[in-house]
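The primary structure of each chain is shown beneath.
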Amino acid sequence: MPRLLRLELSGGLHHITLRGNRLECIYLNDEDRIARLDIRGAVCKRFNRACHAWRQMTNMLECKT
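These remarks concern the structure in this document.

Rules of the game
- Residues numbered from 1 in each chain as written.
- Predicted model: local features only at pLDDT ≥ 70, side-chain atom pairs only at ≥ 80, totals over all residues.
- Heavy atoms only, no water.
- Helix = DSSP H or I, 4+ residues; strand = E, 2+ residues; numbered from the N terminus.
- Rg over C-alpha atoms; globule rule 2.2 N^0.38 Å.
- Buried < 20%, exposed > 50% of the residue type's maximum accessible area, 1.4 Å probe, protein only.
- Patch = residues over 30% accessible without salt bridge, like charges linked within 9 Å, V, L, I, M, F, W, Y side chains within 5 Å.
- Areas by Shrake-Rupley, 256 points an atom, 1.4 Å probe, with all protein chains shown as cover.
- Salt bridge = Lys/Arg side-chain N within 4 Å of Asp/Glu carboxyl O.
- Expected span 1.5 Å × (residues − 1).
- Polar contact = N/O pair within 3.5 Å; in protein donor to acceptor, adjacent residues only side chain to side chain.

1. Some thoughts on the overall build of the protein
The helix and strand inventory of the protein stands at one helix and zero strands. In summary, the protein has a C-alpha radius of gyration of 15 Å against a globular reference of 11 Å for 65 residues, an excess of more than 25%. Along the three orthogonal principal directions, the C-alpha set of the protein runs to about 40 × 35 × 15 Å. Looking at the protein residue by residue over its 65 residues, the buried ones come to 9%.

Spelled out as structure tokens, the structure:
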């Protein structure tokens, strides 16, 4: 069954998550983390969105970067 369309409300807030496959590490190193921040900033600018808060976390405790 396909997922239902997301509601786009004016002024609405969205919670966005990112998870690696099989609980693998999402970021290989600090450069990956910085690249993800750059992409997020470009997407927010392109679609005229504001990011009110964010946090970059590993996918599991064993990820060492």
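Let's pick the thread back up.
2. Brief notes about a nonpolar patch on the surface
Taken together, the side chains of Ile39, Val43 and Phe47 make up a nonpolar region of the molecular surface, amounting to roughly 280 Å² of accessible area. Within the secondary structure, isoleucine 39 is located in helix α1 (residues 30-46).

3. Focus on the pattern of salt bridges
Counted according to the given criterion, the structure contains two salt bridges. The salt bridge involving arginine 33 is made with aspartate 30; its shortest N-O contact spans 3.8 Å. Note that arginine 33 and aspartate 30 are positioned in helix α1 at a spacing of three residues, about one turn of the helix.

4. Observations regarding the environment of leucine 4
Here leucine 4 is to be found in the segment before α1. With 29 residues separating them in the primary sequence, leucine 4 and arginine 33 have C-alpha atoms 31 Å apart.

5. Some thoughts on unusual backbone geometry
Not every positive phi belongs to a glycine, and asparagine 48 is a case in point at roughly 55 degrees. With respect to the secondary-structure elements, asparagine 48 resides in the segment after α1.

6. Some thoughts on the environment of asparagine 21
If you trace the backbone, asparagine 21 turns up in the segment before α1. For asparagine 21, a relative accessible area of 57% puts it in the exposed group. Separated by 15 residues in sequence, asparagine 21 and arginine 6 place their C-alpha atoms 23 Å apart.

7. Digging into α1
With 17 residues, α1 extends 24 Å from end C-alpha to end C-alpha; this agrees with the ideal 24 Å at 1.5 Å per step. Looking at where α1 begins, the residue whose side-chain oxygen comes 3.1 Å from the main-chain nitrogen of glutamate 31 is asparagine 29. Of the residues trailing α1, asparagine 48 is marked for its positive phi of about 55 degrees.

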